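Residue-level structure breakdown
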Amino acid sequence: MKGRNSAGFLALIVAIIVTPSLVTNDYYLGTLIFAAFNCLACVGLCLLMGYAGQISIGHGAFVAIGAYTSGILTAKLAWSPWLAMVCAVLIVIVIAFCLGIPALRLKGHYLAMATLGFASIVHIVSVAAIDLTGGPAGIVGIPRLDLFGYALNSEKQYFYFSWSIVAIGVYLAFNLINSRVGRGLRAIHGSEDAAASLGISITAYKVQVFILSAVFASVSGSLYAHYVNYIDPGPFDVSHSVLLVTMVAVGGLHNIWGAFIGAVALSLLPEILSFLSDYLLVVGIHYQPDYDTLVYGGILLIIMLFLPEGIFAGISNSVGAVASSVRKLAGKKDDGLG
Amino acid sequence: MASDNILELNRLQKCFGGVVAVSDLSLLVNKGAITSLIGPNGAGKTTIFNLITGFLEPTSGHVRFAGRRLSKMRPHRIAAAGIGRTFQNVQIFSQMSVLENIMVGRHLRSRAGIFYSAALPPFLRKEEKKIRQAAEKQLHFLGLAEQAHLPAGSLPLGSQRMLEIARAMALEPKLLLLDEPASGLNARETIAMGELIEKIRQMNISVLLVEHDMDLVMEISDRVAVINFGRLIAKGTPAEIQANEDVIAAYLGE
C-alpha cells in the first residue's frame, strides 16, 4: 500500500481503536459489528465488481454457507469454531469454482444470472432441509469465538475482533490491486482483447477473483453466526445479496474505500431511519421499517443519477473541484493586486 | 527450408455465415524479416490477424508458428507461444498509467499469483522491481520515459500507438503483428513509426505488418503480400509488387 491508501488505512485503524470509547452503548456497538460483516463481504464483492467487472447477485448465499457451515459444525458436531470456519471457506471455494468456470468462460453478465439462481437455491435449501439447517427454526446454541483461549464475550471485544478482520480484508484487497494480478485485472477491465493478447487468461483471473470474493463473504458469514449465536434463513434471502451489491454500487465500484463506505452507510441506515421516524411522527408521517426498502431504492436511484461513480468518487471529485476553484479564485485575486 | 519461416498459414479459410472473409490463403512469413500484408479495405487483413492470434477460429486450414500448430489455442496461449500484436483501433488501458500499461506486458515474464499478491507482497518486491525495470527500459526505447506516470488515455494518438507496440514488445515476442500502426499519424509520426519498426527487426523480431500507407510499406518491407476479397493475389519484394498488374488493377478497381 502506498500514499493515500496507506493514510486511509491508518485512519481506519485509529477509528477502530477509538470507536468503542466513543460508542459505549452496547446496542449501537452491535450495529457497528453487523456493519463489519457487511463491510467484509462488500470489500470482496468490490474486487469482483470494480476490478474484474463482474456482478454477483449471490454473495448473500456465500455468507449463508459460511454461517450455516460454522453453525452446523460447531453447534451440532461440537467442532472448533476456527476449524469450522476453515471448512466453510473450503466448501465455498469449491462451490465458487464450479459456479464460476462455466459462467465466466462466456463474455457478458452470465455470472449475475448464475449467482442469482444459486442464491435462490441456497435460500430454499436453508428453509427446506430441516435435518441439516433446522429449517425456518434455524440453529441455536452456536458458541462464541475464543481467541487463543480468551473468549470474546463482550460487545467491545467482538467489535475489535471483527473490525480487525475487516482491516485485514482491506489490507489484502489493496495488496492485490497493486500487484501483478491487480494490474492484470485492471487490464481486463480496460480491454479484454488487449489483455488476452498479452497472455492474461481472462477466465482464470475472473474465476480466481470470484473465488476470493466468495471467501470474504464466507468468513463474514462465519463471524456473523458466532456473534448472534443463532441463525435462521431470514437474513439470507436473495434480497440480502442485492443489498450487498447496492452497498458496493452506492459507495463506488472502482474503489475499495467506496465499497467500504457504502457498506457502513447502508448498514447504519436502518438505525438512522428508526431514529428519524420519531421526528417524522411529529410531522404526521407514520414511518414503518417496511418503508426501508423504499428508501434504499430512492438512495440507489439518486446515486446512480447524480453520482454514478458512487459516494466516494463523488465526494472526492467535488472536494477536488472546490479546491481547484478556490485556487483559481486566489489566483485571480493575486492578478488583481498585481 | 521450413526453418527460415517463423509463421506458416496453410490453406486458411474463414467464413462468417455465407460470407467468405478469408479464402484458401497460404503464406509464409520469413524469420527476422518485415512482411507486409496489404489490400483494399475489407480485404480480410484484420481477420487474418485474428485467425493467427486465436481471436477467431479458422473454418478450415491451420496456422503453424515456429514449427508448432496453433490449433484451437486461446489468445493468451498464443501470446505465451511468442506472438505479440497491436490492434487497429488502439487498445491501450487508458485508465492506467503509461508505465503500468507496459508492466502489464511483462505479465508472462513474471509469476506472482493471487495468493502471494494479496497476502505476502514483501516476497514479491524483487519481482515487482524487475517488472518495473524492464518496463522502464521499454519506455526509454520508445522515448516515452517522461510520460511514464501520465494516464495512458491522455497521450496523443501517435504516442498511444507507440505505447501499444512497447507493451507488446514487453512480452519479448518472436513475432510481432502490427495492425495499421501508422493510421491516423501525421507525416513526422509516420516516419518515426517506420524507424521504430526497423529497430524492432534489428532486434531479431519478425514483423507482420498490415498498413495502408504505401510509402511506409514499400520503404521498410522485405516481402509484401497482397490480399483482395480474402484471397492472396500477389506476393514478392516491394519492387515486384509495385510492378504487378493484378495489384494495380485491384487498387484502381480494374
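Owing to the predicted nature of the structure, the values given are computational and were not obtained by experimental measurement.

Criteria and thresholds
- Residues numbered from 1 in each chain as written.
- Chains lettered and ligands numbered in written order.
- Predicted model: local features only at pLDDT ≥ 70, side-chain atom pairs only at ≥ 80, totals over all residues.
- Helix = DSSP H or I, 4+ residues; strand = E, 2+ residues; numbered from the N terminus.
- Rg over C-alpha atoms; globule rule 2.2 N^0.38 Å.
- Buried ≥ 20, exposed ≤ 12 C-beta atoms within 10 Å, placed from the backbone.
- Contact = placed C-beta atoms within 7 Å.
- Axes fitted to C-alpha atoms, helices over the stretch in contact; angles between N-to-C directions.
- Parallel < 35°, antiparallel > 145°, perpendicular 65-115°, else oblique.
- Nonpolar A, V, L, I, M, F, W, Y, C, P; charged D, E, K, R; others polar.

Focus: the overall build of chain B
Looking only at helices and strands, chain B has 10 helices and 10 strands in total. Rg of the C-alpha trace for chain B: 19 Å, near the compact-globule value of 18 Å for 254 residues, within the 12% margin. Based on the C-alpha atoms only, the size of chain B along its principal axes is roughly 65 × 40 × 35 Å. A buried classification covers 46% of the 254 residues belonging to chain B. The long-range fraction of contacts in chain B, counting pairs at least 24 apart against all pairs at least 6 apart in sequence, stands at 68%.

Considerations on the packing of helix α7 (residues 155–177) of chain A against helix α10 (residues 202–228) of chain A
All names here are of chain A. Following both chains from N to C, one finds α7 and α10 inclined at 180°, their axes separated by 12 Å at the closest point. Between α7 and α10, the angle falls in the class roughly antiparallel. Of the residues in α10, those touching α7 at Y158, S162, I165 and G169 are F216, V219, L223 and Y227. Partitioned by chemical class, the residues of the contact of α7 with α10 number 6 nonpolar, 2 polar and no charged.

A short note on unusual backbone geometry
If you check the backbone angles, A:A78 has positive phi at about 55° while not being a glycine. In this structure, A:A78 sits in the loop between α3 (59–76) and α4 (81–105). In this structure, B:K72 is a non-glycine residue whose phi angle is positive, near 55°. Looking at the secondary structure, you find B:K72 in the loop between β5 (68–69) and α2 (75–81).

Here we look at the interface of chain B and chain A
The interface of chain B with chain A comprises 31 residues on the first partner and 23 residues on the second. Counting only elements with at least two residues in the side of chain B that touches chain A, the list comes to α2, α3 (98–105) and α4 (114–119) of chain B.

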